[in-house]
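Each chain, letter by letter, is given below.
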Protein chains: 2
Amino acid sequence: MAEPYSPTARTRVTREPERAVYDRAAAYQVLDEGFICHVGFVVDNQPFVIPTGYGRSGDNLYIHGSAASRMLRNLDQGIAVCVTVTLLDGLVLARSIFNHSMNYRSVVVLGTAVAVEDSAEKLQALRALSEHILPGRWEESRQPNERELKATLVMRLPITEYSAKMRTGPPIDNEEDYSFLTWAGVVPLQMVAGSPINDPKLDPKTPVPSYVPSYSRTVAK
Amino acid sequence: MAEPYSPTARTRVTREPERAVYDRAAAYQVLDEGFICHVGFVVDNQPFVIPTGYGRSGDNLYIHGSAASRMLRNLDQGIAVCVTVTLLDGLVLARSIFNHSMNYRSVVVLGTAVAVEDSAEKLQALRALSEHILPGRWEESRQPNERELKATLVMRLPITEYSAKMRTGPPIDNEEDYSFLTWAGVVPLQMVAGSPINDPKLDPKTPVPSYVPSYSRTVAK
């Protein structure tokens, strides 16, 4: 997967270029750990940014269309989008305000998203999306019927033009600031799952499936 | 703060309107709990979505400009942006795939962002940003000097045209699906802070300030 990749003028990281990662495998690791993206699109010159779930299948991103009502008018021809996935790893506390930062990993994918119309591909895409968010859940759920498939919008975005950016490690202060007396370091941040809450309508004898209490995004897929 | 607010055609929530919240206080609660936004803007008809830190001061959002290099060419006149803040609260597991969902709170702010040029306002904005992310940190850090202030880009976006959307509670299944035998409920998700990691260059006798180990976003400001 670690194929070489040349960024375009649109995806070359111009600020803090030392944080850029142009490696498909590294980008996919970020895409696979996240499951919420922010989709940007333009209507009447106004940008919109909407959060939604996504899945990856090979070199395609599948974006759940629940966010997409405003995009609908353009769907036939596809629509220019930017899909951004951000994983926040920590607050970076430096001695100087200026050098405060965050540890994060993010991927930006540019391209044209098109609606998935074919029923078989749509079902496969929904499965990819579901398994991406919660592996194992698809098989244990009531599968989508024709009416539901029709009512669900899924968009496909090829992962062709993209960039990844990350920051890790301790703060970097100016040399003359290291004598400034304040705590400095990293406050790690992580998204964690709490104890599952039964649906009040659930038969309380129903066992909690193994993929629920062990839920974690950081396990490699 | 709970002033009435009429959404515009651009911010009226058209999908799942029952999830819409047009209340300034509710929107501000989301903005105050989050600290990473996704900023959308348009360059040559291509939308870009970039994560960055932000702060709120009254009815203005201040956006850190580290993300903004691609926006620079338009800064003099301001630039149309969409700033979206999303808090993810849980995975919602229904019996049917179709009714799977997420619990979340999100705010979308549309408008024109302008660069803060005035030194005093910029300093005040950076302070708002810093205190928004980590209350108490500003006073204990080495303050920005003139050179750093000049090198920092901060943008101001009035919170005028916005919408908020949220989903809470258990899954809602179709009546006929409640007999389907699978676990259903909510897996709560939360961003939590881990144990602080000292900068290797820090004098290990330096005490960890109280705002670090107790770090939490859910405490009301």
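Residues numbered from 1 in each chain as written. Chains lettered and ligands numbered in written order. Predicted model: local features only at pLDDT ≥ 70, side-chain atom pairs only at ≥ 80, totals over all residues. Heavy atoms only, no water.

> I'm lost on the overall build of chain A in this one. Help?
The helix and strand inventory of chain A stands at three helices and 10 strands. The order of α-helices and β-strands along chain A, N terminus first, is β-α-β-β-β-β-β-α-α-β-β-β-β. The burial tally for chain A puts 57% of its 221 residues in the buried class. Taking contacts inside chain A between residues at least 6 apart in sequence as the whole, the part at least 24 apart equals 73%. Approximately 9,600 Å² of chain A is accessible, and the part contributed by carbon and sulfur atoms is 55%. (Helix = DSSP H or I, 4+ residues; strand = E, 2+ residues; numbered from the N terminus. Buried < 20%, exposed > 50% of the residue type's maximum accessible area, 1.4 Å probe, protein only. Contact = heavy atoms within 4.5 Å. Areas by Shrake-Rupley, 256 points an atom, 1.4 Å probe, with all protein chains shown as cover.)

> How do you make sense of the interface of chain B and chain A when you look at a structure like this?
Put simply, an interface is often sized by how much accessible area is lost when its parts join up. Every contact between the two is made by 92 residues of chain B and, on the other side, 92 residues of chain A. In this assembly, chain B packs against chain A so that about 7,500 Å² is buried in total across both faces, 64% of it on carbon and sulfur atoms. Considering only the side of chain B, the residues that lose the most area to chain A are Ile-97, Arg-142 and Trp-183 of chain B, jointly responsible for 11% of the buried surface there. For the pair chain B and chain A, the number of links is four salt bridges. Between Arg-142 of chain B and Asp-177 of chain A there is a salt bridge whose closest N-O contact spans 2.6 Å. Applying the counting criterion to the chain B and chain A interface returns 35 residue pairs in polar contact (both at pLDDT 80 or more). Residue assignment for the side of chain B that touches chain A shows that the elements contributing at least two residues are strand 2 (36-43), strand 3 (46-57), strand 5 (79-93), strand 6 (101-115), helix 2 (119-133), helix 3 (146-151), strand 9 (185-193) and strand 10 (197-198) of chain B. The leading source of residues in the side of chain B that touches chain A is strand 9 of chain B, at nine residues. For the side of chain B that touches chain A, the class distribution of residues is 51 nonpolar, 27 polar and 14 charged. The pairing of strand 10 (residues 197-198) of chain A with strand 9 of chain B spans two bridges and is antiparallel. Bridged to Asn-198 of chain A within strand 9 of chain B is Gly-185 of chain B. (Buried area = accessible area lost by both parts, 1.4 Å probe. Salt bridge = Lys/Arg side-chain N within 4 Å of Asp/Glu carboxyl O. Polar contact = N/O pair within 3.5 Å; in protein donor to acceptor, adjacent residues only side chain to side chain. Nonpolar A, V, L, I, M, F, W, Y, C, P; charged D, E, K, R; others polar. Pairing = 2+ DSSP bridges.)

> Looking at this structure, I do not really get the environment of Ser-141 of chain A. What am I missing?
Here Ser-141 of chain A is to be found in the loop between helix 2 (119-133) and helix 3 (146-151). Among the residues examined, Ser-141 of chain A registers a relative accessible area of 3% and is labelled buried. Not counting chain neighbours up to four residues away, the residues in contact with Ser-141 of chain A comprise Ala-94, Arg-95, Ser-96, Ile-97, His-100 and Phe-180 of chain B.

> Even after reading the chapter, I still don't get the pattern of salt bridges, so can you show me in this structure?
A pair can form between side chains of opposite charge whenever their charged atoms are brought close. Inspection of the entire model under this criterion finds 24 salt bridges over all chains. Here Arg-142 of chain B ties to Glu-148 of chain B by a salt bridge, and the two come within 2.8 Å at their closest N and O atoms. Across the pair, exposure class does not vary: Arg-142 of chain B and Glu-148 of chain B are buried alike. Several salt bridges share partner residues, and in doing so they unite Arg-142, Arg-147 and Glu-148 of chain A together with Asp-177 of chain B into one network.

> Looking at this structure, I do not really get the side chain of Arg-56 of chain B. What am I missing?
Residue and element names in this part refer to chain B. Topologically, Arg-56 is positioned in strand 3. A distance of 2.9 Å separates the side chain of Arg-56 from the side chain of Asp-32, its partner in a polar contact. Within the local environment of Arg-56, its side chain forms a polar contact with the backbone oxygen of Gly-58, the two atoms lying 2.9 Å apart. Contacts of Arg-56, omitting those with residues within four sequence positions, involve Tyr-28, Leu-31, Asp-32, Leu-61, Ala-128, His-132 and Ile-159.

> Can you walk me through the relation of the copies chain B and chain A in this structure?
Both copies of the chain are related through a single rotation about an axis accompanied by a shift along the same axis. Structural alignment of chain B on chain A gives an RMSD of 0.0 Å, achieved by rotating through 180° and translating 0.0 Å along the axis. Within this description, the copies of the chain are treated as partners about a two-fold rotation axis. Rotation axis and chain B: the residue whose C-alpha lies nearest the axis is Met-191 of chain B, separated from it by 2.1 Å. When the interface residues of chain B are mapped onto chain A, 100% of them are again interface residues, pointing to one common binding face. (Least-squares fit on C-alpha atoms with pLDDT ≥ 70 in both.)

> Is there a simple way to explain the environment of Tyr-215 of chain B in this structure?
Looking at the secondary structure, you find Tyr-215 of chain B in the segment after strand 10. By relative accessible area, which is 11% here, Tyr-215 of chain B ends up buried. For the pair Tyr-215 of chain B and Leu-134 of chain B, spaced 81 residues apart in the sequence, the C-alpha separation amounts to 7.9 Å. Not counting the four nearest positions on each side in its chain, Tyr-215 of chain B is found in contact with Leu-91 and Leu-189 of chain A together with Phe-35, Ile-133, Leu-134 and Ala-193 of chain B.

> I would appreciate a short explanation of the packing of aromatic side chains in the present structure.
By convention here, two paired aromatic rings are described through the distance between centres and the angle between planes. Scanning the entire structure with this criterion turns up two aromatic pairs over all chains. A centroid spacing of 5.8 Å and a plane angle of 15° characterise the contact between Phe-41 of chain B and Phe-48 of chain B, whose relative ring orientation is stacked. Given a relative accessible area of 1%, Phe-41 of chain B falls into the buried group. Overall, Phe-48 of chain B belongs to the buried group, its relative accessible area being 4%. Here Lys-201 of chain B stacks its cationic end above the ring of Tyr-178 of chain A, 4.6 Å away from the centre of that ring. (Phe/Tyr/Trp six-rings, centres within 6.5 Å; stacked < 30°, edge-to-face > 60°. Lys NZ or Arg CZ within 6 Å of the ring centre and 35° of its normal.)

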